[in-house]
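# Results of the structural survey
Residues per chain, in single letters:
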Amino acid sequence: ATLHNFDELKRKGIRIGDHVLIERSGDVIPQVVKAIPEKRTGTEKTRRIPRKCPICSTPITRIEGEVAVRCPNRMCPARLKWRVKHYASRDAMDIDHLGESTIDKLLEQGLIDSIADLYTLTKTDILQLEGFKEKSAENLISSIEKSKQQRLSRLIYGLGIRHVGKYAAQILATHFHSIDSLAKADNEELDTIFGLGKITAESIASFFTLEEHQDLIQKLQQYGVKTKDITTTDLPLKNKKFLFTGGLESMSRPEAGDQIKNLGGIVVSSVSKDLNYLVVGNKPGSKYDKAKKMNIPILTEKEFLNLLKNKGD
């Protein structure tokens, strides 16, 4: 259930040990609405913002205008763990069998110090880890190897650049076609790209100026990770925006999304006036009703498959 951040805790007056009211926000995500004071026993405690990182004890930072508190220590084990976990996630490089517990074991054994180190792991390394046998070790190594061929948008998202979500990553991949081109772009050029915004542009430019990130990109390329995409300018679905609601029978949503991206399209997460198509599967949610009211073209799964088959025609 979402509660967001320390500001929300304070605003809603929620304490550790409270009974709370939860409701489904937008018919999907459970949200903590408020505390129920009449159920308090007197043992509840207020949660204060920590002054130091609970993992490495570095004093935390908070950027003016942002609600998040962050550990600024780039060598913090918790930050490395997050980077690897994010990089391996389904929407990024989609590395199966690399869950949180496995990442913990890799860190404990000193087998990885960065994302790039994943590509130096051997089956012998994995067999050192508790719970791994011959087959499971082979599966993990195979999944890591397979990730080298993921699309550029997934790699950009997987790098964990602040403010760059899946949608922004797709925009960047469509515009630059390679990590090298993106890394050379300055703040002014990035700020002109429709759909990014000034803060995101600054974050991207800042990310690629750091030597550690330049080294990371170089290592990923050295280990065979694909850092370029198709440069064809006449892709049939170029810049067309798609949104899914409901379940598909013929493929998973990530697979459908990848097919759209292969044809130059972009997958978004919400209904807006510039949405080109809403693809409707089984048991569609509130996005379907909203799209109908806005007269956005709606495709059934069969119509969507025909669109892919006919390359956008």
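In the block above lies the structure referred to throughout.
Model, not experiment: these values are computed from the prediction.

Conventions adopted
Residues numbered from 1 in each chain as written. Predicted model: local features only at pLDDT ≥ 70, side-chain atom pairs only at ≥ 80, totals over all residues. Heavy atoms only, no water. Helix = DSSP H or I, 4+ residues; strand = E, 2+ residues; numbered from the N terminus. Buried < 20%, exposed > 50% of the residue type's maximum accessible area, 1.4 Å probe, protein only. Pairing = 2+ DSSP bridges. Contact = heavy atoms within 4.5 Å. Axes fitted to C-alpha atoms, helices over the stretch in contact; angles between N-to-C directions. Patch = residues over 30% accessible without salt bridge, like charges linked within 9 Å, V, L, I, M, F, W, Y side chains within 5 Å. Areas by Shrake-Rupley, 256 points an atom, 1.4 Å probe, with all protein chains shown as cover. Salt bridge = Lys/Arg side-chain N within 4 Å of Asp/Glu carboxyl O. Lys, Arg positive; Asp, Glu negative; His and termini not counted. Charge placed at Lys NZ, Arg CZ, Asp CG, Glu CD.

### As for unusual backbone geometry
- Of note in the backbone geometry, His 97 takes a positive phi value of approximately 70 degrees without being a glycine.
- Mapped onto the fold, His 97 is located in the loop between α2 (77-88) and α3 (100-108).
- A relative accessible area of 45% places His 97 in the partly exposed class.
- The backbone of His 163 shows a phi angle near 75 degrees, a positive value even though the residue is not glycine.
- Position of His 163 among the secondary structure elements: in the loop between α6 (152-158) and α7 (166-176).
- Since its relative accessible area comes to 39%, His 163 is described here as partly exposed.

### Topic: the sheet that holds strand β3 (residues 241-245)
- Taken together, the 4 strands give an open sheet; going across it, the order is β4-β3-β5-β6, and neighbouring strands pair in parallel fashion. The sheet is open, and its two borders are formed by β4 (266-267) and β6 (298-300), each paired with just one other strand.
- Summarising the sheet, strand β5 (residues 277-280) and β6 pair through 3 bridges and their orientation is parallel. Each residue of the ladder has a partner; that of Val 279, found in β6, is Leu 299.
- The sheet contacts of helix α12 (residues 253-262) involve β3 and β4, and relative to β3 the element is tilted by about 165 degrees.

### A look at a negative patch on the surface
- A contiguous patch of negative charge, built from Asp 186, Glu 188, Glu 189, Asp 191 and Glu 202, is present on the exposed surface.
- At 3 residues, helix α9 (residues 187-191) tops the list of elements feeding residues into the negative patch.
- Note that Glu 189 resides in helix α9.

### Considering α12
- All of the buried residues along α12 are Pro 254, Ala 256, Gly 257, Asp 258, Ile 260 and Lys 261.
- On its buried side, α12 packs onto α6, α7, β3, β4 and α14 (301-309).
- Looking at the residues trailing α12, positive phi occurs at Gly 264, about 95 degrees.

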